[in-house]
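Here's the letter readout for the chains.
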Amino acid sequence: MLDLVMTTATAAKPNTQQLPALFHASAALVAANRDSTLVLDDKNDEPANHTSSDDDLVTINVSGTEFVTTYTCLNRYPNTLLGSEEQRRRYFSPKLNAYFFNRHRPCFDSILHFYQTGKEAPPLNVDPDVYAKEKEFFGLKREREEKNKIITNEEELAGSCIRHTRAKIHQFLQDPRSSQPAAFWHGLDIFFICISICFLIVESEPRFVEQFTSKKAKYFYVLFSINCIIMGFFTFDFIIRLLTWPSPIDFWKNFFNVLDILSIMPFYVGLLANGVGNAQLEEDMNTVSNKQHYVVLRVCRIFRIVRIFKFVRHSRDLLIIMKAVSNAKRELVLLVLLLFIFVITFGSIMYYIESGSNKDFDSIMKSCWWVIVTITTVGYGDMYPSSVGGKFFGAFVLTLGIVFLALPMTIIVSKFSFVYEREKM
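Okay, so let's go over this structure. Numbering of residues starts from 1 in every chain and runs along the sequence as written. Totals for whole chains, interfaces and linings use all residues, but because this is a predicted model, local features are given only for residues with pLDDT of at least 70 and pairs of side-chain atoms are given and counted only at 80 or more. Hydrogen atoms and water are omitted, and side-chain values are computed over all heavy atoms in the structure.

**What about the overall build of the chain?**
Along the chain, the regular secondary structure elements total 18 helices and 4 strands. Within the chain, the fraction of its 425 residues that count as buried is 32%. As displayed, the chain offers around 26,500 Å² of accessible surface, 64% of which is attributable to carbon and sulfur atoms. Helix and strand assignments follow DSSP, with helices taken as H or I runs no shorter than four residues and strands as E runs no shorter than two, numbered in order from the N terminus. Relative accessibility thresholds used throughout: buried, under 20% of the residue-type maximum; exposed, over 50%; partly exposed, between the two (1.4 Å probe, protein chains only). For every accessible area listed, the method is Shrake-Rupley and the probe measures 1.4 Å; residues are considered covered only by the protein chains on display.

**Looking at the packing of aromatic side chains**
The aromatic pairing rule takes the rings of Phe, Tyr and Trp, using the six-membered ring of Trp, and pairs them if the centres are within 6.5 Å, calling planes under 30 degrees apart stacked, those over 60 edge-to-face and the rest tilted. Enumeration over the complete set of coordinates arrives at 33 aromatic pairs. With a centroid separation of 5.0 Å and 90° between ring planes, the pair formed by Phe137 and Phe138 is classed as edge-to-face. For Phe137, a relative accessible area of 24% gives the class partly exposed. Members of the aromatic cluster, connected to one another through ring pairs, are Phe172, Trp185, Phe191, Phe192, Phe233, Phe234 and Phe236. In this scheme, the term charge over a ring applies when either NZ of a lysine or CZ of an arginine sits within 6 Å of the ring centre and within 35 degrees of the ring normal. Seen from the ring of Phe137, Arg103 lies directly overhead, with NZ or CZ sitting 4.0 Å from the centre. One Lys or Arg, Lys310, reaches over the ring of Phe234 and ends 4.7 Å from the middle of that ring.

**Notes on the environment of Ile308**
Within the fold, Ile308 resides in the loop between helix H14 (291-302) and helix H15 (316-327). Spatially, the C-alpha atom of Ile308 lies 8.2 Å from that of Cys194, the residues being 114 residues apart in sequence.

**Topic: the packing of helix H5 (residues 105-117) against helix H6 (residues 128-138)**
The geometry of H5 relative to H6 is characterised by a closest axis approach of 10 Å and an angle of 50° between their N-to-C directions. Considering the angle they form, H5 stands oblique to H6. Considering the relative orientation of H5 and H6, their crossing is right-handed. Contacts between H5 and H6 pair Cys107, Phe108, Ser110, Ile111 and Tyr115 from the former with Val130, Tyr131, Glu134, Lys135 and Phe138 from the latter. In this count, Pro and Cys sit with the nonpolar residues alongside Ala, Val, Leu, Ile, Met, Phe, Trp and Tyr, while Asp, Glu, Lys and Arg are called charged and the others, Gly among them, polar. Looking at the contact of H5 with H6 residue by residue, the classes come out as 7 nonpolar, 1 polar and 2 charged. Every angle, taken between N-to-C directions, lies between 0 and 180 degrees, and every axis is a line fitted to C-alpha atoms, over only the stretch in contact when it is a helix. Angles below 35 degrees are treated as roughly parallel, those above 145 as roughly antiparallel, those between 65 and 115 as roughly perpendicular, and all remaining angles as oblique. For any helix crossing, the convention is left-handed if the near helix is rotated counterclockwise from the far helix by under a right angle, and right-handed if that rotation is clockwise. What makes two residues a contact is simply this: any of their non-hydrogen atoms within 4.5 Å.

**Focus: the nonpolar core**
Here the nonpolar core consists of buried residues drawn from Ala, Val, Leu, Ile, Met, Phe, Trp, Tyr and Cys, with membership extended through side-chain atoms lying within 4.5 Å. Of all hydrophobic cores here, the largest spans 23 residues; its most connected members are Ile60, Leu82, Phe101, Phe108, Ile111, Tyr115 and Phe138. Where this core is concerned, the elements lending two or more residues are strand E1 (57-62), helix H3 (71-74), strand E4 (98-101), H5 and H6. The leading source of residues in this core is H5, at 6 residues. Apart from the residues within four sequence positions on either side, Ile60 is in contact with Thr65, Glu66, Phe67, Thr69, Leu74, Leu82, Tyr99, Phe101 and Phe108. Among the nonpolar cores identified, the runner-up in size contains 14 residues, and Leu173, Ile193, Phe234 and Phe267 belong to it.

**A closer look at H5**
Here the expected length of a helix is defined as 1.5 Å per residue gap, with one fewer gap than residues. If you check H5, its first and last C-alpha atoms are 19 Å apart, about what 13 residues at 1.5 Å a residue would give, namely 18 Å. All of the buried residues along H5 are Cys107, Phe108, Ser110, Ile111, Leu112, Phe114 and Tyr115. Following H5 by one or two positions, Gly118 has its phi on the positive side, about 80°.

**Quick look at the pattern of salt bridges**
Any Lys or Arg side-chain nitrogen found within 4 Å of a carboxyl oxygen on Asp or Glu counts as a salt bridge. On inspection of all chains with the given rule, the structure shows 6 salt bridges. Among the salt bridges present, the one from Arg103 reaches Glu134, with a minimum N-O distance of 3.1 Å. Of this pair, Arg103 sits in the loop between E4 and H5 while Glu134 is found in helix H6, placing the two residues 31 residues apart along the sequence. By relative accessible area, Glu134 is classed as buried at 6%.

**Some words on a nonpolar patch on the surface**
Without a salt bridge and with relative accessible area above 30%, a residue can belong to a patch; like charges are then joined within 9 Å and nonpolar side chains (Val, Leu, Ile, Met, Phe, Trp, Tyr) within 5 Å. Together, Leu242, Trp252, Val258 and Ile261 make up a nonpolar patch on the protein surface, roughly 300 Å² of accessible area in all. Positionally, Ile261 belongs in helix H13 (residues 255-274).

**Digging into the pairing of strand E2 (residues 65-70)**
As paired elements, E1 and E2 share 6 bridges and run antiparallel to each other. Counted as the bridge partner of Val58 is Thr69 from E2. Two strands are said to pair when DSSP picks up at least two bridges between them.

**Notes on H6**
If you check which residues of H6 are buried, you get Tyr131, Glu134, Lys135 and Phe138. Along the axis of H6, the buried positions cluster into a sector of 100°, meaning they face one direction only. Residues of H6 that are exposed and point over 90 degrees away from its buried face: Asp129 and Lys133. Following H6 by one or two positions, Gly139 adopts a phi angle in the positive range, close to 80°. Read the arc as the range of directions from the helix axis to the C-beta atoms.

These figures come from the coordinates and say nothing about function on their own.
Dropping the structure here:
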C-alpha cells in the first residue's frame, strides 16, 4: 500500500525540466484567449481589432456636436485622418462611443461635405485661415497633394493650371478677405450699388426726370455715361463669375447670380428697345408709341429694384439671417397656411353678416382684405363692420387672430435665434 502511494505521488509531481515548457504553453494559451476576445489599444479603450463593415454608422463628436456618417464615406479617402482607421483610432472615446475631436464645429460641416461629395464647400462665415488649418488637421491637403501627384503629362498639367487659376479668380470674387485687391473690388462693387440705387430714387423725382430722359437736358449725357460705367462694371463682374464658377448648373442655382442678371437686364433691354438716348427706362406714353412696348419697358424697370439685394452678398449678418430664414421654411409655411385658412374662413363669415347692411362688404374678397388688415393690427379704417353682430365678430376675429399668429411665430423666432447664434460662432 505504501509503495502504491509513493508511486502515485511520484507520477503526479511534475518534472522540473518540464516546468518552463508548461509555463510558456500556459502563457500562450492565455494570450490566445485574450486575442480571441478583445485587444485594447494602449492609448484608449477602442477595440484594436475593430473591423467595421462599410455599412456601419460611425459617430463623430466635434466639440460636443455629433455628426453621423458611414465608414464607406470615410474610407473613400484613406490618406486623410478620418479615412485611415489607424489614424482615427487614436481619437476614439469609449465614454462617448464616438470619435472625439476638440476642433472648430462650423468648419467640420465643410470637412464632412468633402467626404460625402468630393467637393469643397468652404464655410461662408469662417476665416479662411481657420478653415485651412482644419483642412490640414484632417489631412484634406494631403489628399489634394496625392491627387496632384497623379498628373503626369503636359495636357493634364495645363488643365490643372487652368483650374487653379479659375479657383483663384472665383475666390477673389467671392471672398473679400482673400486679399487686398479682393477687398478693393468688393468695396468698388458696393460703391457702384449705392450710386445705382441713388439714381433709381432721384430719377423718380418730377424735377429731375428730364435730366434722365431728355437729351436736351444739361446733365443727361453725364448721368447716362455714369450709368453706362456702372452697368459695364456689373456686366463684367457677372461674366467673370459665370466663367469661373465651378459648375455652370450650380451657378444658376445661386440666388445672388439670378439677382445679378435681373439687375443688369433692364439696361440692355432699354438700349435695344429705345436706342442709346432713352436707355434710362423713364419713357412715358409720349415717347413710346406702342403700348405693348411701353409695358415691357415698365416691367423691366421694376427689376431694377433688385439691385438693392446685391448688398446681401457683402454682409455677413444678412447672409446669416437669410440662412436662418431658409432653415425655418417649414414654420413659415405653417404660418402662411394658418393665415390662409383664417382669412378665408372669417372673411366668408363676415361677408354673410354684413353683406345686407354694409356696402363695403359686398364680396368675400373685400371681406378677406378686412380680415388681413384686422388680424395684423394695421387697421386702415377704409372699411369696418356697422352691425352689432359684425362688431362683435370683428372683436372676436381680432383677438383670435393675435393668438393664431403668435403660436407659430414663437417657434419661428426660437429656431431663428438658434440658427443665428450657431452661425455666428
